[in-house]
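Tertiary structure, described
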Amino acid sequence: MDDGEMGSGRRSAVVHAARTTAAHAAGWTLRSAVAADIEVIAELRAMVMRADLERLGRYDEHRVRQRLRDSFSPQHTSIIMIDSELAGCVTVRPAEGRQWLEHFYLAPHRQGRGLGSAVLRTVLERTDAQGMAVGLNVLQGSAARRLYERHGFVVEAQDPIDIFMMRPPGAMASSPAKA
């Protein structure tokens, strides 16, 4: 998912709740991001987004990493760990009267096994408990759109590059299918 400079700079209660590392049945945990995570996350972003950005004629080796560096917010970001391996990341920050889901990336070898759904469910349970809507944007043609639709996100707007989606608090997922 691509993003801009969104957020008020306040600490997200959603990700703050994830600060306590809790083991999940599937063997993954969330840990707080630290400033030193920025380069590994920038590389993950470049790897995950490359095919979609190339398809859209928007891939730039430097820009794809710099956009992450410019908007990285350790206080709103959680690192997804499996054993001692960084499996992905997710950022949730307050913006525009809702929580904004961004920088949700999984290592390619971790995709398609239900990890994305499990992490997203955890994030959405927290936003639902706060009564908060969640917004995001996803690139046109990205397979990630199906994941978000399964979890209750609907299209609010779109342009030739991005699809902007929103999920009201408590929206039901259409199925527990794997990501």
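The notes below deal with the structure included here.

Conventions used here
- Residues numbered from 1 in each chain as written.
- Predicted model: local features only at pLDDT ≥ 70, side-chain atom pairs only at ≥ 80, totals over all residues.
- Heavy atoms only, no water.
- Helix = DSSP H or I, 4+ residues; strand = E, 2+ residues; numbered from the N terminus.
- Buried < 20%, exposed > 50% of the residue type's maximum accessible area, 1.4 Å probe, protein only.
- Contact = heavy atoms within 4.5 Å.
- Areas by Shrake-Rupley, 256 points an atom, 1.4 Å probe, with all protein chains shown as cover.
- Arc of directions from axis to C-beta.
- Polar contact = N/O pair within 3.5 Å; in protein donor to acceptor, adjacent residues only side chain to side chain.

Before going further, it helps to examine the overall build of the chain. Counting its regular elements, the chain contains five helices and seven strands. Counting all 179 residues of the chain, 50% fall into the buried class. A fraction of 65% describes how many contacts in the chain between residues 6 or more apart in sequence connect residues 24 or more apart. Only carbon and sulfur atoms are counted for the fraction: they give 54% of the accessible area of the chain, which is about 8200 Å².

Residues Val64, Arg65, Leu68 and Ser71 constitute the buried set of helix α3 (residues 63-71). Seen from one end, α3 has its buried residues packed into an arc of 145°, which puts them on one side. Along its buried surface, α3 packs onto α2 (38-55), β3 (85-95) and β4 (98-106).

Summarising the element assignment, Ser71 is placed in helix α3. Looking at Ser71, its side chain comes within polar contact range of the side chain of His103, at 2.9 Å.

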